[in-house]
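Residues per chain are reported as follows:
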Amino acid sequence: MGNAFVVRYEMQPEAAERNQELVADVFAELARTKPEGISYASFRLADGVTFVHVGVMDNDSNPLAESAAFQEFQKGFGDRAAGPPVANGAVLVGSYGFDS
């Protein structure tokens, strides 16, 4: 089992759509490049401004660190966000049908 993480943050209402576009760009790049060693998902909650990212890295390397789209997502994050992200390590207890 690798290193699991959960990141939750809230966007300013006027920035939520742009944030979703940037997140979608990250997943489009991951689909193109198919890096190994990562399982990753992102959710936009029903309030429309809260995002949750959940991932598992097989080892200490982080394929997101090498992603141009992820770097673009991080640019200006503080200007889009309503507050700082809350990041936590996690332990996968179980999953069913989570992968696409």
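This text goes with the structure placed above it.
Structure report, in brief. For clarity, every value in this text was computed on a predicted model and none was experimentally measured. (Residues numbered from 1 in each chain as written. Predicted model: local features only at pLDDT ≥ 70, side-chain atom pairs only at ≥ 80, totals over all residues. Heavy atoms only, no water.)

Thoughts on the overall build of the protein chain
So, step 1. Secondary structure assignment for the protein chain yields three helices and four strands.
So, step 2. Counting from the amino terminus, the protein chain carries its helices and strands in the arrangement β-α-β-β-α-α-β.
So, step 3. Dimensions of the protein chain, computed from C-alpha atoms along their principal axes, come out at roughly 35 × 30 × 25 Å.
So, step 4. Expressed as a percentage of the 100 residues in the protein chain, the buried residues total 35%.
So, step 5. A separation of at least 24 residues holds for 72% of the contacts in the protein chain among residues at least 6 apart in sequence. (Helix = DSSP H or I, 4+ residues; strand = E, 2+ residues; numbered from the N terminus. Buried < 20%, exposed > 50% of the residue type's maximum accessible area, 1.4 Å probe, protein only. Contact = heavy atoms within 4.5 Å.)

Notes on the nonpolar core
So, step 1. Among the nonpolar cores identified, the biggest contains 20 residues, and Tyr9, Met11, Val26, Tyr40, Leu64 and Phe73 are the most heavily contacted of them.
So, step 2. Going through the elements one at a time, β1 (3-10), α1 (16-33), β2 (38-44), β3 (50-57) and α2 (68-74) are the ones with two or more residues in this core.
So, step 3. When residues of this core are assigned to their parent elements, the largest contribution, five residues, is made by α1. (Core = buried A, V, L, I, M, F, W, Y, C linked by side-chain atoms within 4.5 Å.)

What to know about α1
So, step 1. Here α1 is 18 residues long and its end C-alpha atoms lie 26 Å apart, about the 26 Å a rise of 1.5 Å per residue gives.
So, step 2. Taken together, the buried positions of α1 are Ala16, Asn19, Leu22, Val23, Val26, Glu29 and Leu30. Buried residues along α1 cover an arc of 145° about the axis, so they all sit on one side.
So, step 3. Taken together, the buried residues of α1 touch β1, β2, β3, α2 and α3 (77-80).
So, step 4. Immediately beyond the C-terminal end of α1, within one or two residues, lies lysine 34, with a positive phi of roughly 50°. (Expected span 1.5 Å × (residues − 1). Arc of directions from axis to C-beta.)

Examining the pattern of salt bridges
So, step 1. Inspection of the entire model under this criterion finds three salt bridges.
So, step 2. Two residues, glutamate 17 and arginine 44, come together in a salt bridge whose shortest N-O distance is 2.9 Å. Separated by 27 residues along the polypeptide, glutamate 17 in helix α1 and arginine 44 in strand β2 bring together distant segments of the chain.
So, step 3. Overall, arginine 44 belongs to the partly exposed group, its relative accessible area being 30%.
So, step 4. Between glutamate 72 and lysine 75 there is a salt bridge; the shortest N-O distance is 3.4 Å.
So, step 5. A relative accessible area of 55% means that lysine 75 is categorised as exposed. (Salt bridge = Lys/Arg side-chain N within 4 Å of Asp/Glu carboxyl O.)

Here we look at the environment of alanine 16
So, step 1. Examined against the element boundaries, alanine 16 turns out to sit in helix α1.
So, step 2. Once the C-alpha coordinates of alanine 16 and glycine 48 are considered, the two residues, 32 residues apart in sequence, prove to be 7.1 Å apart.
So, step 3. Leaving out residues up to four positions away in the same chain, alanine 16 has contacts with Met11, Arg44, Gly48, Val49 and Phe51.

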